[in-house]
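# Coordinates in review
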Amino acid sequence: MKSDQLVSDTLQKIKDAEKELIKLRNEYLSKQEPSLKEKVEEKKKEIERLRAYYKDNVMASCNESYEAKRRRLSKYD
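My aim in this report is to walk through the structure given alongside it, one point at a time. (Residues numbered from 1 in each chain as written. Predicted model: local features only at pLDDT ≥ 70, side-chain atom pairs only at ≥ 80, totals over all residues. Heavy atoms only, no water.)

### Notes on the overall build of the protein chain
A count of helical and extended segments in the protein chain gives two helices and zero strands. The buried share of the protein chain, taken over its 77 residues, is 21%. Across the protein chain, every contact between residues at least 6 apart in sequence was considered, and the portion connecting residues at least 24 apart equals 63%. Approximately 6,300 Å² of the protein chain is accessible, and the part contributed by carbon and sulfur atoms is 51%. (Helix = DSSP H or I, 4+ residues; strand = E, 2+ residues; numbered from the N terminus. Buried < 20%, exposed > 50% of the residue type's maximum accessible area, 1.4 Å probe, protein only. Contact = heavy atoms within 4.5 Å. Areas by Shrake-Rupley, 256 points an atom, 1.4 Å probe, with all protein chains shown as cover.)

### Here we look at the environment of Lys43
Inspection of the secondary structure puts Lys43 in helix α2 (residues 34-76). Sequence separation between Lys43 and Ile22 is 21 residues; the distance between their C-alpha atoms is 9.7 Å. In this view, Lys43 contacts Ala17, Glu20, Leu21 and Leu24; residues no more than four positions away in its chain are not counted. Among the polar contacts listed, one links the side chain of Lys43 to the side chain of Glu46, at a separation of 3.1 Å. (Polar contact = N/O pair within 3.5 Å; in protein donor to acceptor, adjacent residues only side chain to side chain.)

### Digging into the pattern of salt bridges
What the rule picks out here adds up to six salt bridges. Between Glu18 and Arg51 there is a salt bridge, with its nearest N and O atoms 2.3 Å apart. Here Glu18, found in helix α1 (residues 2-31), pairs with Arg51, found in helix α2; they are 33 residues apart in sequence, far enough to count as distant. Looking at Glu18, the relative accessible area reads 27%, which means it is partly exposed. (Salt bridge = Lys/Arg side-chain N within 4 Å of Asp/Glu carboxyl O.)

Just geometry here; none of it tells us what the structure is for.
The structure is reproduced here in structure tokens:
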């Protein structure tokens, strides 16, 4: 299903961004460079955007699909 692919793709993007954030934090902690701190903040914002997109768009479309299936199946019960 298209919605399953969309969910898994979005979750994978979030997971990858979180891994990058961990790497950036570790690098910042070891070097204490201000430029790395900026990158960490940018990555946090990116993760928040991805989570908001997932919550507002992906989950909403999945719930609509579920509701449409439920209504369609309830017609035949």
